[in-house]
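Residues per chain, in single letters:
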Amino acid sequence: MSATTLDAAPSRLRLGLRAGMIGAVCLLAAFPVLNQLPETHALHVSDFLVSVSGKWICYAILALSLDLAWGYAGILSLGHGAFFALGGYAMGMHLMRLIGPRGVYGHPVLPDFMVFLGYRELPWYWLGFDSFAFAMLMVLLVPGMLALVLGWLCFRSRITGVYLSIITQAMTYALMLAFFRNDMGFGGNNGFTDFKELLGMPLNTGAARATLFYASLVSLVVCYLLCRWMTATKYGRVLTAIRDAESRVRFLGYDVTRHKLFAFVASAMMAGLAGALYVPQVGIINPGEFSPGNSIEAVVWVAVGGRGTLVGAVLGAFSVNGLKTWLTSAAPDLWLFVLGGLFVAVTLFLPKGLIGLLQGRGK
Amino acid sequence: MKGRRLYLDGVSVVFDGFRALNNLALVVEPGEMRAVIGPNGAGKTTMMDVITGKTRPTAGVASFGDADLTRMDEAAIANLGIGRKFQKPTVFDALTVFENLELALKAPRGPIACLRWILSGEGRARVEEVMEETGLADRAQDPAGILSHGQRQWLEIGMLMMQDPELLLVDEPVAGMTDAETEHTAALLARIAGKHSVVVVEHDLEFVRALGCRVTVLHEGSVLSEGSIDHVQNDPRVVEVYLGR
């Protein structure tokens, strides 16, 4: 059969990728352990590398979520950073509540910035955030609700392509401006920081870092498997069909608005989760996380890795951020030019990203 | 469910002052095949757009059985049992022939239903049957993007067969086809026509003659003449605006 010989090359590539992925996850999983080795040991992994790769894992989850929306459903969101930041803020609110009376002002309930700004009591939307479960629910629900409302308005009116991208970009910009305001009750310019503990675990210890690192890694694997499952079902094929010929899908009797909304909301929730894992690792969340540049950078990760392939999104997040970390210390002024150049180069020469390059080799 | 008639009356569509359809009336009885011809700009495609919910009429009645087509969107009309084949074949390039047909198969259409979807043996048999009928069986695992123009047309017709619509709208099915491909297409349509109502928009009069059905001639957005192919070909008004050029 001709079909089997045609399949042979890609399937070898797929096996290779799978082995590579499992290997990479195992390698990452070993980082906190190798961090325990004495610094003189050849296999010692520095604190810096552990913490920076913990961040990259969160970025990889964000890239996955963006790829689900863009690579599969064709929704090019230039505001996915907003969902990430909202998840981060929800986690940040929980962490602020856990500080309790240990703040500089020693107020039993109010976070420092509220005391400073003259708040008498906790705003109603801060209630409940002392509970971890409630905060985790909000980490998913707040980005999910925003995506539901925005997506419903846009998809129902059949706003697609560049117009949708501009709207999502405007959304994250508007949120950034809103969160900069002190009277929003989210710490304004400074955001939240000085976190003390999470789930009874002091945050400044190696054990906490390792726990958060593993939580992120497990989340990445779970999100990857979830996306893989979704895209492998008929639902995934409907999304691909919507991406390629949206109106044709309508004439087949599919409610395109509902299908796109489902993907967009799932994607936003995943981005929120990534933000929630990110914040305790970096120890701060401020309105800068909403800046449009962040969202665009996430698009570049996915484009570089290869949109429409889940491995590609993850690969892109790690490789571009690896490059960024190296370059911003080696030649800090160059980074933005390299980022822009990378996007142009990938668009022109590597439309399928790094994964496309591998596929080319595989054949 | 069987036996609904398509009923258009007084349908007008105005785009920025231009009347694409002007007081159009058309009735297609259950099981009937109807050819619609007319010069470019006569409103044939706009008529299809009104029936399938792509365009809302400015005035008039459009119904299928007792369903009011002017109040429904494309997906709802498709689920009502009206299928459409486009002038330019539109299939999903990234999906295989098999997957294209599977998407069209009658089944619950919601996101959750699609996530939980498992193709039944019956469904698989139906996909294979349609692949046989359209002559695409040996291309089952090929992405639709690499098919030839004729094969894309057949795949799209196959997708309509999977939808099993009660009324089928076909826009210029043989444009750009070789003679052999035209013949194969005519045979496919004839096979579908037995079980469904069909409206065919076509330029090729030989093809229309081969269909051997009632013909409606459109001109400037309304019906100019209706009857057998011989009747309309001899209608002096038709000769003037269309055939006698």
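The rules behind each value
- Residues numbered from 1 in each chain as written.
- Chains lettered and ligands numbered in written order.
- Predicted model: local features only at pLDDT ≥ 70, side-chain atom pairs only at ≥ 80, totals over all residues.
- Heavy atoms only, no water.
- Axes fitted to C-alpha atoms, helices over the stretch in contact; angles between N-to-C directions.
- Helix = DSSP H or I, 4+ residues; strand = E, 2+ residues; numbered from the N terminus.
- Left-handed = near helix turned anticlockwise from the far one by under 90°.
- Contact = heavy atoms within 4.5 Å.
- 1 Å grid on protein atoms, 1.4 Å probe; cavity = no way out; pocket = protein on both sides within 12 Å on 5 of 7 lines; lining within 4 Å.
- Points joined across faces, edges and corners; volume = space filled by probe spheres on them.
- Nonpolar A, V, L, I, M, F, W, Y, C, P; charged D, E, K, R; others polar.
- Pairing = 2+ DSSP bridges.

Teacher, can you tell me more about the packing of helix α5 (residues 132-156) of chain A against helix α6 (residues 161-180) of chain A here?
How two helices sit against one another is set out by the angle between their axes and by the gap between those axes. Residue and element names in this part refer to chain A. It is at 11 Å that the axes of α5 and α6 come closest, and there the two elements cross at 145 degrees. The way α5 lies across α6 gives a crossing that is right-handed. For the pair formed by α5 and α6, the contact residues are L146, L150, C154 and F155 on the first element and L164, I167, T168, M171 and L175 on the second.

What's the story with empty space enclosed by the protein in this structure? I'm lost.
Empty pockets left among the atoms are what a rolling probe the size of a water molecule brings to light. All names here are of chain A. Under the criterion given, the structure shown has one cavity of 30 Å³ or more. Roughly 60 Å³ of volume is contained in the largest cavity. When contributions to the lining of the largest cavity are tallied by element, the ones reaching two or more residues are α2 (47-72) and α7 (206-232). For the lining of the largest cavity, the element with the most residues is α7, which contributes three residues. Each residue belonging to the lining of the largest cavity can be placed in one class, and the counts come to three nonpolar, two polar and one charged.

Please explain the pairing of strand β2 (residues 18-28) of chain B as it appears in this structure.
On a regular strand, each side chain points to the face opposite its neighbour's, so the side chains alternate between the two faces of the sheet. Residue and element names in this part refer to chain B. Sheet topology places strand β1 (residues 6-15) next to β2; seven bridges connect them, and they run antiparallel. Across the sheet, residue L6 finds its bridge partner in β2, namely V28. What sits between β1 and β2 in their antiparallel hairpin is a turn of two residues, with D16 showing a positive phi close to 45 degrees.

Before we go on, may I ask you to explain the layout of surface pockets in this structure?
Residues and elements named next belong to chain A. Computed from the structure, the second largest pocket encloses a volume of approximately 570 Å³. As for the second largest pocket, its lining consists of 22 residues, and the residues nearest its centre are M21, I22, A24, V25 and V314. Broken down by secondary-structure element, the contributors of at least two residues to the lining of the second largest pocket are α1 (2-34), α7 and α11 (310-330). A per-element tally of the lining of the second largest pocket places α1 first, with eleven residues. Considering only residue class, the lining of the second largest pocket consists of 18 nonpolar, two polar and two charged.

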